[in-house]
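Reading the structure
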Amino acid sequence: MVNKSTLEANMLRDIKTIIDRSSDTLLQDALGVLCLCVVMFGALHVPAFF
């Protein structure tokens with residue numbers, strides 16, 4: 001049986017590894033997510049104008 005603290009430590013290590021590997025594009029990805037949210041928000045509010 002695996003200890004809960006071991007699973008949490010492994011998960012945090014995996015997250016840190018992912019961030020280290022993708023640090024070059026992390027800002028671009030965050031900006032892309034923000035743009036998608038803005039577009040979706042706008043698209044959902046267009047029917048309210050008609």
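Conventions and cut-offs
- Residues numbered from 1 in each chain as written.
- Predicted model: local features only at pLDDT ≥ 70, side-chain atom pairs only at ≥ 80, totals over all residues.
- Heavy atoms only, no water.
- Helix = DSSP H or I, 4+ residues; strand = E, 2+ residues; numbered from the N terminus.
- Rg over C-alpha atoms; globule rule 2.2 N^0.38 Å.
- Areas by Shrake-Rupley, 256 points an atom, 1.4 Å probe, with all protein chains shown as cover.
- Patch = residues over 30% accessible without salt bridge, like charges linked within 9 Å, V, L, I, M, F, W, Y side chains within 5 Å.
- Salt bridge = Lys/Arg side-chain N within 4 Å of Asp/Glu carboxyl O.
- Expected span 1.5 Å × (residues − 1).
- Buried < 20%, exposed > 50% of the residue type's maximum accessible area, 1.4 Å probe, protein only.
- Disulfide = S-S within 2.5 Å.
- Polar contact = N/O pair within 3.5 Å; in protein donor to acceptor, adjacent residues only side chain to side chain.

**Considerations on the overall build of the protein**
When helices and strands are tallied, the protein shows two helices and zero strands. For 50 residues, the compact-globule estimate of 2.2 N^0.38 gives 10 Å, and the protein exceeds it by more than 25% at 19 Å. Over its C-alpha atoms, taken along the principal directions, the protein stretches across nearly 60 × 30 × 10 Å. Here the protein displays about 4,900 Å² of accessible surface, and carbon together with sulfur accounts for 72% of that area.

**As for a nonpolar patch on the surface**
Together, Met11, Leu12, Ile15, Ile19 and Leu26 give the surface a local cluster of nonpolar side chains, amounting to about 450 Å² of exposed area. Top element by residues in the nonpolar patch is helix H1 (residues 4-21). It accounts for four residues. One can find leucine 26 in helix H2 (residues 26-45).

**Here we look at H2**
Working note: α-helix, 3.6 residues per turn, so residues spaced by three or four point in the same direction. Relative to the 28 Å expected for 20 residues at 1.5 Å per residue, H2 spans 29 Å between its end C-alpha atoms, a close match to the ideal helical length. For H2, the buried fraction is low: zero of the 20 residues fall into the buried class.

**Brief notes about the state of the cysteines**
In the structure shown here, the tally under the stated rule is zero disulfides. Free cysteine cysteine 37: the closest other cysteine sulfur is in cysteine 35, separated by 9.3 Å. By relative accessible area, which is 48% here, cysteine 37 ends up partly exposed.

**Quick notes on the environment of histidine 45**
Structurally, the position occupied by histidine 45 is in helix H2. Side-chain polar atoms of histidine 45 contact the backbone oxygen of phenylalanine 41, separated by 2.8 Å.

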